[in-house]
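Single-letter residue listing:
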Amino acid sequence: METVSGDKRRLIRTPSDVQPINQEHGPPTDDVRSVQRGMPCFVYILTGFSALGGFLFGYDTGVVSGAMLLLKKEMNLSSLWQELLVSVTVGAAALSALAGGYLNGMFGRRICILLASFIFCAGGIILGVAPNKEVLLFGRLIVGLGLGVASMTSPVYIAEVAPPHLRGQLVTINTLFITGGQFIASVVDGVFSYLQHDGWRYMLGLSAVPAALQFFGFLFLPESPRWLLQKGETEKARRVLGQIRAGGNVEEEYESIRSGIEEERNDAGGGSVLWRMLTYAPVRRALIVGCGLQMFQQLSGINTVMYYSATILQMSGVQDDRTAIWLASATAFTNFLFTLLGVWLVERVGRRKLTLGSILGTAASLMVLAAGFLLSAQASPPVTFHPSDPSLHNSSCNTYGFCESCMLDPGCGFCYGKNGTSVVESSCLPVNAANTESAAMGRCSNGTQESTGAFWAYNFCPTSYSWIVLMGLILYLAFFAPGMGPMPWTVNSEIYPLWARSTGNACSAGVNWICNVLVSLTFLHVAQYLTYYGAFFLYSGLALLGFVFVMGCLPETKGLRLEEIESLFAKRLCTCGEGSQGVHYIRVKGGNYRSDEDVSDEE
Ligand SMILES: O[C@H]1[C@H](O)[C@@H](O)[C@H](O)[C@@H](O)[C@H]1O
């Protein structure tokens with residue numbers, strides 16, 4: 001590593017100064033060997049306990065759909081209350097993720113994890129014993145507050161304790177826990193759906209168990225050494241680093257973190273952290289990349305696809321609601337399984353290639369999904385019978401000529417008989433407001449009765465093209481889950497310098513939650529205006545836009561130390577592809593980067 005003398009210029013470690021810690025990139029240095037030799041078992045324990053935050057994220061967002069099926073019957077919830085109970089959590093998560101930036105910087109990662117698990121635990125208990133819907137709403141709000149803080153803190157903590165050659169893999173484990181939490185939630189939903197009374201109490205309340213485990217675990221686990229050093233607790237930082245590197249030589253790492261912090265201090269201008277981030281080009285670029293990735297993750301429609309997987313599966317001919325719940329668990333399991341593939345791939349192919357391949361495949365499979373819906377819509381069975389019941393005079397349901405338009409109206413469903421595989425004697429009827437499994441009147445008012453030959457389809461139409469939709473769903477999960485699912489979290493945990501890390505992750509996690517709520521709340525309206533296939537073509541187009549964004553703006557961060565990554569964003573945005581790994585950047589006073597060739601030319 002060459003040194004640039006003079007008071008104007010100082011040197012920072014650059015991507016090419018230090019060998020990326022990966023076998024494909026030449027022989028590892030002594031320091032790297034010592035990190036690899038003492039296999040950091042303790043780091044895995046830290047990752048496991050921290051990723052319980054990811055598990056709770058997945059569990060609490062996933063469990064609500066099954067709980068709602070029981071709750072709406074037992075508490076007689078209107079659709080407004082149902083929507084409130086679902087979205088209050090996501091809305092609160094968005095706000096608390098933003099606040100989490102300040103809390104993380106001020107009190108440290110460990111205190112934030114303890115706080116989030118305490119909140120989760122309290123929220124779980126409140127939900128488990130809630131006597132009425134108002135208390136339920138309060139409990140869901142509390143859970144959301146925990147979610148926001150946990151979603152941004154866990155990846156940061158893991159990234160800061162992980163050795164560089166394992167960092168991507170360990171942070172991706174956090175997303176594996178998210179999808180694992182969603183899968184376990186769907187199993188718990190399935191099991192407790194057999195309980196006639198109070199099943200929802202167990203579904204919602206059980207989250208207190210992993211939360212308590214995380215809380216007690218973290219009472220004994222250490223703070224991130226990087227945060228400790230930033231706060232001047234040097235001895236403690238050195239001790240923790242020694243602990244998590246399993247007795248390897250930690251001096252070089254310690255020095256590199258320390259000098260990084262010192263440089264940051266010298267360069268620090270005035271104003272709030274967010275203002276400094278926005279006015280300092282490399283960090284501003286990192287922020288755009290981080291928030292953009294989180295935005296495109298949600299705009300690719302993951303939560304809509306997961307949420308509607310039961311409907312998609314019903315289109316494939318599954319009539320019974322309980323079977324649909326269990327099949328939705330299969331979807332969640334597929335998401336989990338392919339995230340595991342991401343854990344395996346991330347250190348092998350790198351973040352950039354993994355994200356690019358994933359988003360391209362996601363866009364293509366969304367097109368397959370859309371094509372399936374399009375063909376189903378074109379072959380949509382006609383309404384053959386318009387009942388003359390006076391109560392139907394003011395209902396829009398009686399005005400539809402095809403199943404497709406009938407099912408897109410949330411107030412109506414399609415009631416039909418079958419002759420072999422073809423649909424006969426069909427009508428469009430108002431749905432039973434208290435229970436969408438049946439019509440408000442007529443022969444489908446008891447739901448689907450195979451014995452009498454009456455079939456009730458709410459939200460879907462019987463179709464022979466369902467296999468295309470099913471194939472689209474499986475392809476979607478296979479492409480999305482290894483890359484676009486975890487990479488936005490992984491990349492965000494590593495692209496900001498220490499002084500901007502909490503705020504950067506708070507902003508990007510906030511963007512994730514806001515886009516999540518936006519996409520879920522607008523899906524039904526979008527589907528009504530554009531139909532299902534229009535909605536999925538739209539998501540596919542957005543995913544393609546995401547591909548262009550990732551292609552131009554996401555540099556490879558594999559194997560680099562956190563302190564080295566900032567310089568990848570020294571170049572103008574949208575040219576910082578893989579090529580940036582070969583260029584030496586030198587930071588000159590005032591915070592700007594120059595290529596070392598420019599500097600030596602001047603000398
Ligand atoms: O990375 C996660 C994961 O992909 C989940 O399955 C999804 O529900 C979340 O919204 C996302 O942030």
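Residues numbered from 1 in each chain as written. Predicted model: local features only at pLDDT ≥ 70, side-chain atom pairs only at ≥ 80, totals over all residues. Heavy atoms only, no water.

### Let's talk about the site of the ligand
For step 1, the next point in the chain: Surveying the vicinity of the ligand reveals the residues Phe57, Thr175, Thr179, Gln182, Gln297, Gln298, Asn303, Asn335, Phe480, Gly485, Trp489 and Asn512.
For step 2, the next point in the chain: In this structure, Trp489 approaches the ligand through a side-chain N or O atom, which is 3.1 Å from an oxygen atom.
For step 3, the next point in the chain: Alone, the ligand offers 300 Å² of accessible surface; in the complex the protein occludes 98% of this.
For step 4, the next point in the chain: Elements with a minimum of two residues in the shell around the ligand: α7 (167-192) and α14 (281-299).
For step 5, the next point in the chain: The dominant element in the shell around the ligand, judged by the number of residues it contributes, is α7, at three residues.
For step 6, the next point in the chain: Shared between two domains, the shell around the ligand holds at least three residues of each, these being domain 1 (39-221) and domain 2 (276-379 + 464-573). (Near = heavy atom within 4 Å. Polar contact = N/O pair within 3.5 Å; in protein donor to acceptor, adjacent residues only side chain to side chain. Areas by Shrake-Rupley, 256 points an atom, 1.4 Å probe, with all protein chains shown as cover. Helix = DSSP H or I, 4+ residues; strand = E, 2+ residues; numbered from the N terminus. Domains from an automatic or database assignment.)

### Digging into the state of the cysteines
For step 1, the next point in the chain: Applying the stated criterion across every chain, the model contains four disulfides.
For step 2, the next point in the chain: The side chain of Cys403 participates in a disulfide bridge whose partner is Cys461; the two sulfur atoms lie 2.1 Å from each other. Classification of the bridge connecting Cys403 and Cys461 rests on its S-S torsion, roughly -105°, and on that basis the disulfide is left-handed. Separated by 58 residues along the polypeptide, Cys403 in helix α19 (residues 403-408) and Cys461 in the loop between β3 (455-457) and α20 (466-480) bring together distant segments of the chain. Of the two residues, Cys403 and Cys461, both sit in the buried class.
For step 3, the next point in the chain: At a sulfur-sulfur separation of 2.0 Å, the disulfide partner of Cys415 is Cys444. The sign of the S-S torsion, about 80°, decides the handedness of the disulfide formed by Cys415 and Cys444: right-handed. Placement of Cys415 in strand β1 (residues 412-419) and of Cys444 in the loop between β2 (422-430) and β3 is noted, with a sequence separation of 29 residues between them. The burial state of Cys415 is the same as that of Cys444; both residues are buried.
For step 4, the next point in the chain: Assigning the bonded cysteines of the protein chain consecutive numbers by sequence position, one obtains the connectivity 1-4, 2-8, 3-6, 5-7. (Disulfide = S-S within 2.5 Å. Buried < 20%, exposed > 50% of the residue type's maximum accessible area, 1.4 Å probe, protein only.)

### Side note on the nonpolar core
For step 1, the next point in the chain: Ranked by internal contacts, the top residues of the largest apolar core, which has 66 residues, are Phe523, Tyr532 and Phe536.
For step 2, the next point in the chain: The dominant element in this core, judged by the number of residues it contributes, is helix α22 (residues 498-553), at 15 residues.
For step 3, the next point in the chain: Each of two domains, domain 2 (276-379 + 464-573) and domain 3 (381-462), supplies a minimum of three residues to this core.
For step 4, the next point in the chain: Dropping the residues within four chain positions of it, Tyr532 is found in contact with Tyr308, Phe373, Met407, Leu408, Asn459, Phe523 and Ala527.
For step 5, the next point in the chain: In terms of nonpolar packing, the next biggest core, distinct from the first, is built from 43 residues, Leu56, Phe57, Tyr59 and Ala211 among them. (Core = buried A, V, L, I, M, F, W, Y, C linked by side-chain atoms within 4.5 Å. Contact = heavy atoms within 4.5 Å.)

### Focus on the domain arrangement of the protein chain
For step 1, the next point in the chain: Structurally, the protein chain comprises domain 1 (39-221), domain 2 (276-379 + 464-573) and domain 3 (381-462).
For step 2, the next point in the chain: Each of domain 1 and domain 2 has a C-alpha centre, and the two are 20 Å apart.
For step 3, the next point in the chain: Opposite the 44 residues of domain 1 that make contact, domain 2 presents 47 residues.
For step 4, the next point in the chain: For the domain 1 and domain 2 pair, buried surface summed over both sides reaches about 3,600 Å², with 70% attributable to carbon and sulfur atoms.
For step 5, the next point in the chain: At the junction of domain 1 with domain 2, the criterion picks out two salt bridges.
For step 6, the next point in the chain: One salt bridge connects Glu160 with Arg501, and the closest N-O pair in it is separated by 2.5 Å.
For step 7, the next point in the chain: On inspection of domain 1 and its partner domain 2, the count reaches 13 residue pairs in polar contact (both at pLDDT 80 or more).
For step 8, the next point in the chain: For the side of domain 1 that touches domain 2, the secondary structure elements donating two or more residues are α2 (41-62), α3 (64-74), α4 (79-107), α6 (133-161) and α7.
For step 9, the next point in the chain: Top element by residues in the side of domain 1 that touches domain 2 is α7. It accounts for 17 residues.
For step 10, the next point in the chain: Here the side of domain 1 that touches domain 2 is built from residues that sort into 22 nonpolar, 19 polar and three charged. (Buried area = accessible area lost by both parts, 1.4 Å probe. Salt bridge = Lys/Arg side-chain N within 4 Å of Asp/Glu carboxyl O. Nonpolar A, V, L, I, M, F, W, Y, C, P; charged D, E, K, R; others polar.)

### Regarding a nonpolar patch on the surface
For step 1, the next point in the chain: Among the surface-exposed residues, Tyr102, Met106, Phe107 and Ile111 lie close enough to one another that they form a single nonpolar patch of about 430 Å² accessible area.
For step 2, the next point in the chain: The dominant element in the nonpolar patch, judged by the number of residues it contributes, is α4, at three residues.
For step 3, the next point in the chain: Tracing the backbone shows Tyr102 in helix α4. (Patch = residues over 30% accessible without salt bridge, like charges linked within 9 Å, V, L, I, M, F, W, Y side chains within 5 Å.)

### Here we look at the pairing of β1
For step 1, the next point in the chain: Along β1, six of the eight residues are buried, which leaves the element largely enclosed by surrounding structure.
For step 2, the next point in the chain: Taking the residues that link successive antiparallel strands as the turn, the β1-β2 hairpin has two residues, and the phi of Gly420 there is positive, at about 65°. (Pairing = 2+ DSSP bridges.)

### Here's the deal with helix α9 (residues 208-219)
For step 1, the next point in the chain: Between its first and last C-alpha, α9 extends 17 Å over twelve residues, near the 16 Å set by a 1.5 Å rise per residue.
For step 2, the next point in the chain: Every buried residue belonging to α9 is among Ala208, Pro210, Ala211, Gln214, Gly217 and Phe218, and all of these are buried.
For step 3, the next point in the chain: On its buried face, α9 sits against α2, α5 (109-129), α6 and α8 (199-205). (Expected span 1.5 Å × (residues − 1).)

### So, the side chain of Ser493
For step 1, the next point in the chain: Topologically, Ser493 is positioned in helix α21 (residues 487-494).
For step 2, the next point in the chain: At 2.7 Å, the side chain of Ser493 and the backbone oxygen of Thr490 are in polar contact.
For step 3, the next point in the chain: In this view, Ser493 contacts Pro155, Val156, Ala159, Val171, Arg501, Asn505 and Leu562; residues no more than four positions away in its chain are not counted.

### Looking at the packing of aromatic side chains
For step 1, the next point in the chain: Summed over the entire model, instances satisfying the criterion amount to 20 aromatic pairs.
For step 2, the next point in the chain: Ring geometry for Phe183 and Phe333: centres 5.0 Å apart, planes at 55°, overall tilted. Of this pair, Phe183 sits in helix α7 while Phe333 sits in helix α17 (residues 321-349), and the two are 150 residues apart along the sequence.
For step 3, the next point in the chain: Of the residues examined, Phe333 reaches a relative accessible area of 34% and is grouped as partly exposed.
For step 4, the next point in the chain: Taken together, a centroid distance of 5.8 Å and an interplanar angle of 20° make the contact between Phe523 and Tyr532 stacked.
For step 5, the next point in the chain: An aromatic cluster is present here, built from Phe373, Phe523, Tyr532, Phe536 and Tyr539 joined pairwise through their rings.
For step 6, the next point in the chain: Over the aromatic face of Tyr254 sits the side chain of Arg238, whose NZ or CZ is 4.1 Å from the ring centroid.
For step 7, the next point in the chain: Its end group placed over the ring of Phe455, Lys418 keeps NZ or CZ at 4.4 Å from the ring centre. (Phe/Tyr/Trp six-rings, centres within 6.5 Å; stacked < 30°, edge-to-face > 60°. Lys NZ or Arg CZ within 6 Å of the ring centre and 35° of its normal.)

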